[in-house]
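What follows is each chain in one-letter form.
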Amino acid sequence: MANGQWYPPEWPDRIRALAAGTLTPVTPKRAATVMLLKDTGAGPAVHMLRRSTSMAFAGGAYAYPGGGVDPRDDDRAIGWAGPTRAWWADRLGVDEAGAQAIVCAAVRETYEEAGVLLAGPTGDAVVGDTTGADWEADRAALVARELSFAEFLDRRGLVLRSDLLGAWARWITPEFESRRYDTWFFVAVLPEGQRTRNASTEADRTVWITPAEATAGYDKGELLMMPPTVATLRALSACGTAAGALASAPGRDMTPVLAEARLAGDEIVLSWPGHDEFTKHVPPTASPAGPPPSGAPDDPAVPGRPAPATPSDPTGGAPA
């Protein structure tokens with residue numbers, strides 16, 4: 001493996017089945033993931049999770065907090081501040097209900113998996129520390145789907161701060177995958193007074209790492225990631241500050257990226273339009289590295305395989 005690009009061993013058979021017309025693509029589910037940023041002496045760092053290496057599928061991969069849209073994320077009663085739902089609908093390429101659901105999922109999943117809440121009592125304020133026992137009880141209820149995000153915000157007298165998010169990219173799981181997601185990637189700056197923590201049951205480690213360091217680890221084959229993660233990290237590397245990344249988000253192209261696979265004789269050519277670095281030529285006898293196809297990720301943003309190396313943390317190695 002020349003780099004840390006994960007390649008599932010079942011893909012060749014599924015790609016050939018799709019080409020033969022014996023595999024019907026499933027409809028992708030909507031999802032959101034958030035690249036939380038903060039400034040360090042080495043430039044902006046991004047908060048990443050490492051999926052537990054013990055997991056049968058996606059073990060050891062690095063990605064961002066995120067997950068699927070909850071059916072209740074489009075609850076019209078949700079407290080809302082920042083750009084309107086109509087503005088977000090235009091930006092994300094969906095209707096207004098879908099836009100609210102995607103933005104809500106981004107904020108909710110960030111709170112569920114990283115303990116960071118992009119909400120406040122008013123449209124120009126953000127909550128502070130959210131690590132107390134009462135906050136944890138609400139977070140656990142959200143994870144268990146015993147509490148909707150709208151109910152959570154209403155209970156605490158909060159509004160979702162959509163202005164703290166910037167839409168960055170959109171990637172769709174390939175048609176030959178068994179579980180597919182249409183995932184919107186967002187950027188956000190870590191609010192003052194809040195701290196990230198590993199609140200995900202699927203992650204065994206969290207780290208603050210600069211995009212340049214993360215992609216260098218990937219290039220060396222030391223860190224395992226999927227193409228969407230690598231591509232978004234490379235784009236973030238051009239940003240000098242966390243605030244600068246957020247400010248640049250409105251200019252980002254949100255055209256969906258969908259992998260394409262074609263047969264060239266017996267060889268499979270797998271590519272991601274606009275991202276030539278991820279193109280793979282798979283010979284018919286290839287036995288790609290990866291975990292056995294014994295499951296599928298619950299988190300669309302975190303696919304991977306076992307046991308990559310661990311990156312160094314420019315902020316000291318502990319969640320902050």
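Above: the structure in question.
Just so we're clear, the structure is a prediction, and the values are computed from it rather than from any experiment.

Draft legend 1. Seen up close, the overall build of the protein. Counting its secondary structure elements, the protein contains 8 helices and 14 strands. Residues classed as buried in the protein amount to 54% of the 320 residues present. For the protein, the exposed area adds up to about 12,600 Å²; of that, 50% sits on carbon and sulfur atoms.

Draft legend 2. Geometry of the packing of aromatic side chains. Tallied over the entire structure, the rule returns 10 aromatic pairs. Geometrically, the ring pair formed by Tyr111 and Phe152 is stacked, given 5.3 Å between the ring centres and 20° between the ring planes. You can see Tyr111 sitting in helix α3 (residues 96-114) and its partner Phe152 sitting in helix α5 (residues 149-156), a full 41 residues away along the chain. Phe152 carries the same exposure label as Tyr111, and that label is buried. Aromatic ring contacts, followed pair by pair, group Trp11, Phe176, Trp272 and Phe278 into a single cluster. Sitting above the plane of the Trp135 ring, Arg156 keeps its charged end 3.7 Å from the centroid.

Draft legend 3. Local environment of the pairing of strand β1 (residues 29-40). As paired strands, β1 and strand β9 (residues 181-189) are joined by 9 bridges and run parallel to one another. By the bridge assignment for β9, Ala32 is matched with Trp184. Examined bridge by bridge, β1 and strand β4 (residues 66-68) share 3 bridges and lie antiparallel to one another. From the neighbouring strand, Thr33 faces β4, where its bridge partner is Gly66. Strand direction decides the pairing type here: β1 and strand β2 (residues 43-51), joined by 4 bridges, are antiparallel. Bridge pairing links Lys38 to Ala45 in β2.

Draft legend 4. Focus on the pattern of salt bridges. Tallied over the full model, the rule gives 17 salt bridges. For Arg145, the salt bridge identified is with Asp70, shortest N-O distance 2.8 Å. Pair noted here: Arg145 is in the loop between α4 (133-143) and α5 and Asp70 is in the loop between β4 and β5 (80-81), with a separation of 75 residues, a long-range link. The partner of Glu112 in a salt bridge is Arg108, with the nearest N and O atoms 3.1 Å apart. Of this pair, Glu112 and Arg108 both sit in helix α3, 4 residues apart, which is roughly one turn of the helix. One salt-bridge network, in which partners are shared between bridges, spans Asp70, Arg72, Asp73, Arg108, Glu109, Glu112 and Arg145.

Draft legend 5. Highlighting the sheet that holds strand β12 (residues 260-264). Ordered by their spatial adjacency, 3 strands build an open sheet running β12-β13-β14, and the pairing between neighbours is antiparallel. Only two strands of the sheet have a single partner each, and these edge strands are β12 and β14 (280-282). On average, each strand axis in the sheet is tilted by 20° relative to the strand beside it, whichever way the strands run. As paired strands, strand β13 (residues 267-271) and β14 are joined by 3 bridges and run antiparallel to one another. Looking at β14, one finds that Leu270 is bridged to Lys280. Here helix α1 (residues 11-20) sits on the sheet and contacts β12, β13 and β14; the angle it forms with β13, its principal contact strand, is near 95°.

The rules we used
- Residues numbered from 1 in each chain as written.
- Predicted model: local features only at pLDDT ≥ 70, side-chain atom pairs only at ≥ 80, totals over all residues.
- Heavy atoms only, no water.
- Helix = DSSP H or I, 4+ residues; strand = E, 2+ residues; numbered from the N terminus.
- Buried < 20%, exposed > 50% of the residue type's maximum accessible area, 1.4 Å probe, protein only.
- Areas by Shrake-Rupley, 256 points an atom, 1.4 Å probe, with all protein chains shown as cover.
- Phe/Tyr/Trp six-rings, centres within 6.5 Å; stacked < 30°, edge-to-face > 60°.
- Lys NZ or Arg CZ within 6 Å of the ring centre and 35° of its normal.
- Pairing = 2+ DSSP bridges.
- Salt bridge = Lys/Arg side-chain N within 4 Å of Asp/Glu carboxyl O.
- Axes fitted to C-alpha atoms, helices over the stretch in contact; angles between N-to-C directions.
- Contact = heavy atoms within 4.5 Å.

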